[in-house]
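# Geometric and topological summary
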Amino acid sequence: MRWVECKSVNWDEKTMDCVGSGDGLEYYDVALGFGSVDTKPVIGSDCLIAILEGNESVAFLMYANEVELLQFNGGDNGGLTITPELVKQLNKTNELLQAVLGVISGAPVTEPGNGSPSALQIALKTAISGKQLGDYGSIENSKITH
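Notes on the structure follow.

Calculation rules
- Residues numbered from 1 in each chain as written.
- Predicted model: local features only at pLDDT ≥ 70, side-chain atom pairs only at ≥ 80, totals over all residues.
- Heavy atoms only, no water.
- Helix = DSSP H or I, 4+ residues; strand = E, 2+ residues; numbered from the N terminus.
- Contact = heavy atoms within 4.5 Å.
- Buried < 20%, exposed > 50% of the residue type's maximum accessible area, 1.4 Å probe, protein only.
- Polar contact = N/O pair within 3.5 Å; in protein donor to acceptor, adjacent residues only side chain to side chain.
- Pairing = 2+ DSSP bridges.

## Looking at the side chain of asparagine 94
Of note, asparagine 94 is situated in helix H1 (residues 83–105). Look past the residues within four positions of asparagine 94 in its chain and what remains in contact with it is Leu133, Gly134 and Tyr136.

Shown next, in the form of structure tokens:
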């Protein structure tokens, strides 16, 4: 294992070039991962690399003290959800739905000359019967944080 400083990153190739912190040796094409988890270090950050099977020309990144991107499985699933923002937006939707439910569940909205609940109000009450608003209290997995 070697402590190095990241000098450049080739994200397309998932490699970096770096220089040894203590000895000044240069390391080229250091792997930033093996596909399941790839780490893009910030240029100038301190990194720990491992040498594979004693071959100084084959190395991979183990740790970086500053990371620009941590990518799982090629990034095909997009970014992680920011839970507080998701909850904020879902609460806005719930407030809107609660307002609609208040109209539907409240006093009858009469049709002109009829005096009874409107057909729309009855249809909506039937459609939402037995349904509940979402409970978002358990959507966060606190074992993975960012």
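## A word on the environment of glutamine 89
In this structure, glutamine 89 sits in helix H1. When its relative accessible area of 33% is taken as the criterion, glutamine 89 is described as partly exposed. Side chain to side chain, glutamine 89 and glutamate 85 meet in a polar contact 2.7 Å long.

## Thoughts on the pairing of strand E3 (residues 26–31)
In this structure, strand E2 (residues 15–20) lies alongside E3, joined through four bridges in antiparallel fashion. Bridging across to E3, threonine 15 finds its partner in alanine 31. Counted along the chain from E2 to the antiparallel partner E3, the turn is five residues long, and its residue glycine 24 has a positive phi close to 75 degrees.

## A few points about unusual backbone geometry
Look at glutamate 53: it is not a glycine, yet its phi comes out positive at around 50 degrees. Along the chain, glutamate 53 falls in the loop between strand E5 (46–51) and strand E6 (59–64). Taking the relative accessible area as the measure of exposure, glutamate 53 reaches 83% and is therefore exposed. For asparagine 73, which is not glycine, the phi dihedral falls at a positive 50 degrees. Structurally, the position occupied by asparagine 73 is in the loop between strand E7 (67–72) and H1. Residue classification places asparagine 73 among the exposed positions, given a relative accessible area of 54%.

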